[in-house]
Amino acid sequence: DMAVLGKAFNGVAFPDKAVLASFYEKRILGTTGDMARMREMVEGFADDLLEALRSVCNRDADMEVEDCMGVGSMYENWRVRKPFVCDLIVPFAPPEPYCFRSQIWCSGDSFPPDEQGYGTIKVCRADEDVTGCICDKTKLGEDMLCLLHSQANTTRPSSEMEDLLCFKNTQYLDADQVMKWFQIAVTKAWNRISHKYEFDLSFSLLDSPGALKIKFRSGKSIAFNLTPVVQYENSDVYFISHFPRSGLAADFPSSTHWFVTFAVYERRFIQLVSKTLPANACHVSCLQILSFLHGKQCSLTGPSGLTNYHLKTVMLHLLQACPSQAWGPEKLEARLQDMLKFLEKCLHEKRLYHFFIGNGKVPAELGFPIIFQRAEPLNLFRPFVLRRDVYRKTVDTFHEMLRNTAALINEYTVHIPLAHANGIRKESL
């Protein structure tokens, strides 16, 4: 397939390996140390904040909050664009005697196409049968009594379920309710420990429950996301309450539908594969350069339907498809072109499959849940089929990025001011 691709490359002057290596060293490599220092600072503060949150919660009636985990580009060492933002997820669980019982789109029940990749979370008493007691399905006689449920338990007051962050008059966990609870809990926690720190803390985005900003007295600030999640069974798959997405992405189906994230497995897969690659392998470098180019193009011509997650998915597929020796540092130019050609093919077909869902070749060492491996592949480019305007804008942005690649890389290699970068089209300026 790769041999017939690259139509968009016709007439494009692509930087050679020496120019790419120089660009990477001067523009991207220096950010690694900055990322490490920021991760350490944010993680230490988040641990302190969550400990304070636990202390202000009612341990008998409130949600139980676990330790946070770092995911995404900052923890996979490929983020290039500033400001750097750490993404931390925080698993939580209901108080006893309640538990979460989840239902996912690939579990056998029919979910409409726009709910593929989502699931629902039911708040149940731990002693309830997963499939539901027969007393809920059959009208029992007056002289008969269900031994599992007492008469008082057959109907639960709606206010009690709402206290457990459910959607009104249901047992389904509501992401909006979770957002309100989490923001209130974080605010109380910060009030308890704020005297220890010489900076202010605030929520930076109203529509994201854990988008926080640390502001120092010097005027500098650090942004990070602390997002509540629910664990899927005994795995490292999580339901995430709110997911950062591009301005062109579709909204969630509803507040009771939770997006399923595989971020922990993605980070683990990259770490596992990296052990088999040559020293100073170029896989992360390729993703960083591609992310940089796409970000710069969007700053010129506006946002597109492509996200950094799409770009990372391309890298994951090629990591599995290409032999280990193909990722040596001297192969940077070839692998970057492979990623661009693979992306071009996916855009042309409007089809980019999720790396984990429906992938029977996921390494067994990851302990990845088999139900997702056996699921139908999930097309991340499905929105392009439904929204032609977004698709056209995305393809145009991609082709424009290809034409500008050499100029952008040369510009940031020799530090020429943006206005003097030859070859960059400036329709948007």
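Residues numbered from 1 in each chain as written. Predicted model: local features only at pLDDT ≥ 70, side-chain atom pairs only at ≥ 80, totals over all residues. Heavy atoms only, no water.

Under an unreviewed UniProt entry, the protein chain has the name Inositol 1,4,5-trisphosphate receptor-interacting protein and belongs to Bucorvus abyssinicus. Under Function (unreviewed entry), UniProt gives the following word-for-word description of the protein chain: "Enhances Ca(2+)-mediated inhibition of inositol 1,4,5-triphosphate receptor (ITPR) Ca(2+) release." Entered under Sequence similarities (unreviewed entry) in the UniProt record, the comment concerning the protein chain runs "Belongs to the ITPRIP family." (UniProt positions renumbered as here; feature names shortened; annotations may be inferred.)

For the rest of this paragraph, the subject is the overall build of the protein chain. Within the protein chain, the secondary structure is distributed over 11 helices and 10 strands. Looking at the protein chain residue by residue over its 429 residues, the buried ones come to 50%. Approximately 21,600 Å² of the protein chain is accessible, and the part contributed by carbon and sulfur atoms is 51%. (Helix = DSSP H or I, 4+ residues; strand = E, 2+ residues; numbered from the N terminus. Buried < 20%, exposed > 50% of the residue type's maximum accessible area, 1.4 Å probe, protein only. Areas by Shrake-Rupley, 256 points an atom, 1.4 Å probe, with all protein chains shown as cover.)

The subject of this paragraph is the packing of aromatic side chains. Throughout the structure, instances matching the rule amount to 28 aromatic pairs. Ring geometry for Phe92 and Phe100: centres 5.8 Å apart, planes at 85 degrees, overall edge-to-face. Each member of the pair, Phe92 as well as Phe100, carries the same accessibility label: buried. Ring geometry for Tyr265 and Phe368: centres 5.1 Å apart, planes at 90 degrees, overall edge-to-face. Residue Tyr265 is located in helix H5 (residues 263-274), and its partner Phe368 is located in the loop between helix H8 (332-349) and helix H9 (370-373); the two are separated by 103 residues in the primary sequence. Each member of the aromatic cluster is reached from another via a ring pair, and the members are Trp105, Tyr232, Phe239, Phe262, Tyr265, Phe269, Phe355, Phe356, Phe368 and Phe372. In this structure, Arg39 is placed above the aromatic ring of Tyr75, and the distance from its NZ or CZ to the ring centre is 5.8 Å. One residue, Arg268, lies across the ring of Tyr265, its end atom 5.3 Å from the ring centre. (Phe/Tyr/Trp six-rings, centres within 6.5 Å; stacked < 30°, edge-to-face > 60°. Lys NZ or Arg CZ within 6 Å of the ring centre and 35° of its normal.)

Among the secondary structure elements, His242 is positioned in the loop between strand S9 (238-240) and strand S10 (258-261). Sequence spacing of His242 and Asp176 is 66 residues, and the spatial spacing of their C-alpha atoms is 8.8 Å.

Let us look at helix H7 (residues 308-321). Compared with the 20 Å implied by 1.5 Å per residue over 14 residues, the 20 Å span of H7 between its first and last C-alpha is a close match. H7 sits mainly inside the fold: 10 of its 14 residues count as buried. All buried positions along H7 are accounted for by His310, Leu311, Lys312, Thr313, Val314, Met315, Leu316, His317, Leu318 and Leu319. Packing partners of the buried residues in H7 comprise H5, helix H6 (283-301) and H8. (Expected span 1.5 Å × (residues − 1). Contact = heavy atoms within 4.5 Å.)

Further remarks concern the pattern of salt bridges. Per the counting criterion, the structure on display carries 11 salt bridges. Where Arg268 meets Asp236, a salt bridge forms, and the shortest distance between an N and an O atom there is 2.7 Å. Here Arg268 is found in helix H5, whereas its partner Asp236 is found in the loop between strand S8 (221-231) and S9, with 32 residues between them in sequence. On the basis of relative accessible area, Arg268 is assigned to the partly exposed category, the value being 30%. Each of Glu51, Arg54 and Asp67 takes part in a single network of salt bridges with overlapping partners. (Salt bridge = Lys/Arg side-chain N within 4 Å of Asp/Glu carboxyl O.)

Along the chain, Glu198 turns up in the loop between helix H4 (175-193) and strand S6 (199-203). As a C-alpha pair, Glu198 and Lys215 span 17 residues in sequence and 9.2 Å in three-dimensional space.

Quick look at the side chain of Thr120 now. Looking at the element boundaries, Thr120 is found in strand S5 (residues 118-125). For Thr120, the residues in contact, after removing those within four places along its chain, are Arg101, Ser102, Gln103, Tyr172, Thr256 and His257.

What follows deals with the environment of Thr301. Relative to the helices and strands, Thr301 is located in helix H6. On a C-alpha basis, the gap between Thr301 and Lys393 in space is 9.6 Å, while along the polypeptide they are 92 residues apart.

With that settled, the discussion passes to the pairing of strand S4 (residues 98-104). With 5 of 7 residues buried, S4 lies mostly within the body of the structure. Taken together, the 7 bridges between S4 and S5 define a ladder with antiparallel strand orientation. Bridge pairing links Tyr98 to Arg125 in S5. (Pairing = 2+ DSSP bridges.)

So, on to the side chain of His310. Inspection of the secondary structure puts His310 in helix H7. Looking at His310, the relative accessible area reads 8%, which means it is buried.

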